[in-house]
Amino acid sequence: MTLRQVRQGVVMVGRDSWLLFLALSAVNASNYLFHVLISRLLGKADYGALGSVLAVLLILSVPLGAVQATMAKQLAQIRADADRSAAAWRGVARSMVKPTFLVAALLAVASPLLRRFLHLDSELVPLFVAVYAFPAALSAVVRGALQGMLRFTELAAVSILPVVVRVVAGVLIVRSGGGVPGAVMATVLGEVAGAALGWWLLVQGASWRVKGVRNTEGFFRDVRPIAAGLGAMWLLIELDLLLARHYLPAKAAGSYAAAGLLARAVLFIPGAVGVIALPHFAEFGGRGRQAYQWLLYSVGIVLVLGLGASLVLTGATHAVVAATFGDRFLTASALLPTMCIAMVALGLTNLFVFFHVAAGSRAFHLLWIAIAAEAAGIAAFHSSGASIAFVLAMVSTLVALGGFATCRAIAMSPAPLGRLPDDLSVLHRPVHLGEAERPEFSLVIPCHNGGSNLAASVRSSRDALQSLNRPYEVIVVSDGSTDGSDHIAYEADAPVTVVRYAHRQGKGMALRVGMTGARGKYVAFIDSDGDLDAAELSSFLTIMELYRPELVIGSKRHPLSDVRYPVTRRIMSWLYQRLVRVMFGLNVRDTQTGMKLIRRDVLDSVLPRMLEKRFAFDLEFLVVARRLGFKRVFEAPIRLDHKFSSTISLGATFRILLDTGAIFYRNYILRSYDRPPAAVRLPEWQESVMSTPLVPALERGAS
């Protein structure tokens, strides 16, 4: 990130929505003014109580922030259609009534617990927290609608009015003896004013004939994961204030709250960057060079603003604390440098959460691990405010570093499938398997240094397929074999197509190459080591045509399977399948047996999204198929006679576990399998091969 790139990013952000940026900055400044004025009126102990209550309100507003983000994201896609936009936000507003009432009721019931945990003197404060849910929910809907329709001037007004009302009402009520309950009441009144103004602005010029959308299931399905991510983000930010109030004496907690508020200027000043960057991240789906450039621009701006604010605060800590809160809070000045470091890191993390929202990623769920670490660290080290601030700074810095790495991985993630080997070539193709005799059944046999077992496997597969009495093809793919496996397959006295490439890339790549070239209505694969009896392919096809599943997979754990292999392998297989069931929820007992039969439509949908090149290909295929809605999987019995020729070594087992973790990460965190499949650019073939029917078949399978 160069200075020129930072300047370019500032120009791009400013040109896009400078008014909103200034308005949100003014909002944050007004919030600080509220805290400064109220803290001077309340004193240390009462301000510590107010700070913890406002932290609770902020955490409660996070799911509503997810509503706003989702509303903005959806309306940005349909803003040209005024009727659809009006129907969307009105439908969501109506749908928010019941869940908001439920949340408010739960908060009212839990008010005694909240009062006891935060050591509050007034019974009214927890009840005001419950009431806050109603105007905050409506405000989230109207702000999201204004943001999504790019009505930034109105959004700025709706953002500023609540804090103005909050400051004026708060000072008046607290000066009149309202205390902490009065300050919380002022916060509720400000939210009511903002929600009312936003609703009025939205209905101006809107047609009342448009009815709200009744089915908002899709909206709330999108809200849930975003709410979890934003909730984790703000809980990470505010947890230290809650725990400081719980663990520290009242006056020490008040000093910590004051230092926390000042340090949060470092977080809130660049906070508008994420709001502005969100639609640009979403424009590119969080992927590609342009999305990554926007990420770098945003990170640069957040760092410049955050570090600049930190230098101002830490350069004159005593003067800043005295001018803001008065001499009674001077003990807070010692905490500022450490807390500023934490807030710079959390400001970056806030930006990264917006990136994940735009990219449809779920990596922000990892923040819950950071929350647990922060809570555990503060529980262990809470002797003073300085120790709590140190824990916060350490956790926040690690989270920011990990967050950037995750966002970069998403932006620069490879397209699904990717390139096939550049040196891919066809050694042999049966002349009689032309387009005129398009096979109904295709069998792919991947191999690496298959040796004599390969020849036996090819012949047994030939015998099994001949018994089907229908057109078939066998494709042997040599995965960088060095023992002449391609020639062995060619000389196996069977009509096979032999495809090879020089460098070993894994079983998954070999299967991908073979399946891409397969032309059958049904495509199967079987391991080349000869452990599995190819005669079972006939029963696989019978099951496919009788029960119409999407996949038929061989299972060593089927009650009718005849399996002979070592006890250690049985134990390893059982443990791995338990792990897979927990991680992916697949309702199959054995994902790894090397014999499967796949319907053509399933193969065409799943294969272009595949990324795995090694032994976890089988698992990834099942995970992607389930992700795409293909859930009819039939487990069939097999006959397996272990010949101690398998390539599954201890090292391979370790790699399978790593690949399994990578599939989990891609499926649940990066959500890579939801991306549209990319077309494959095949390498140039020799002229002699171009004349065979295999090449157009490969091109068809990849497109």
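Look up a bit, the structure's there.
Source: prediction; values computed, not measured.

### Notes on the overall build of the chain
Part 1 of the reasoning: A count of helices and strands for the chain gives 25 helices and ten strands.
Part 2 of the reasoning: Going through the 703 residues of the chain one by one, you find that 57% of them count as buried.
Part 3 of the reasoning: Long-range contacts, defined as pairs at least 24 residues apart, comprise 82% of the intrachain contacts of the chain with a sequence gap of at least 6.
Part 4 of the reasoning: Just so you have it, the chain exposes about 29300 Å², and 62% of that area is on carbon and sulfur atoms.

### Side note on the side chain of Ser-298
Part 1 of the reasoning: By the element assignment, Ser-298 lies in helix α11 (residues 289-315).
Part 2 of the reasoning: Those residues in contact with Ser-298 that lie beyond four places of it in its chain are Val-273, Ala-277, Phe-281 and Leu-351.

### Digging into unusual backbone geometry
Part 1 of the reasoning: A positive phi angle, close to 60°, is found at Asn-469, a residue other than glycine.
Part 2 of the reasoning: Of note, Asn-469 is situated in the loop between α16 (451-466) and β3 (472-479).
Part 3 of the reasoning: Here Arg-548, not a glycine, exhibits a phi torsion of approximately 55°, which is positive.
Part 4 of the reasoning: Checked against the element boundaries, Arg-548 lands in the loop between α19 (537-547) and β6 (551-555).

### A few points about the pattern of salt bridges
Part 1 of the reasoning: Summed over the entire model, instances satisfying the criterion amount to 16 salt bridges.
Part 2 of the reasoning: Its salt-bridge partner being Asp-618, residue Lys-596 comes within 2.9 Å of it at the nearest N-O pair. Of this pair, Lys-596 sits in strand β8 (residues 595-599) while Asp-618 sits in helix α22 (residues 617-627), and the two are 22 residues apart along the sequence. Exposure class is identical for Lys-596 and Asp-618. Each is buried.

Parameters at a glance
Residues numbered from 1 in each chain as written. Predicted model: local features only at pLDDT ≥ 70, side-chain atom pairs only at ≥ 80, totals over all residues. Heavy atoms only, no water. Helix = DSSP H or I, 4+ residues; strand = E, 2+ residues; numbered from the N terminus. Buried < 20%, exposed > 50% of the residue type's maximum accessible area, 1.4 Å probe, protein only. Contact = heavy atoms within 4.5 Å. Areas by Shrake-Rupley, 256 points an atom, 1.4 Å probe, with all protein chains shown as cover. Salt bridge = Lys/Arg side-chain N within 4 Å of Asp/Glu carboxyl O.

Worth remembering: the numbers are spatial, not functional.
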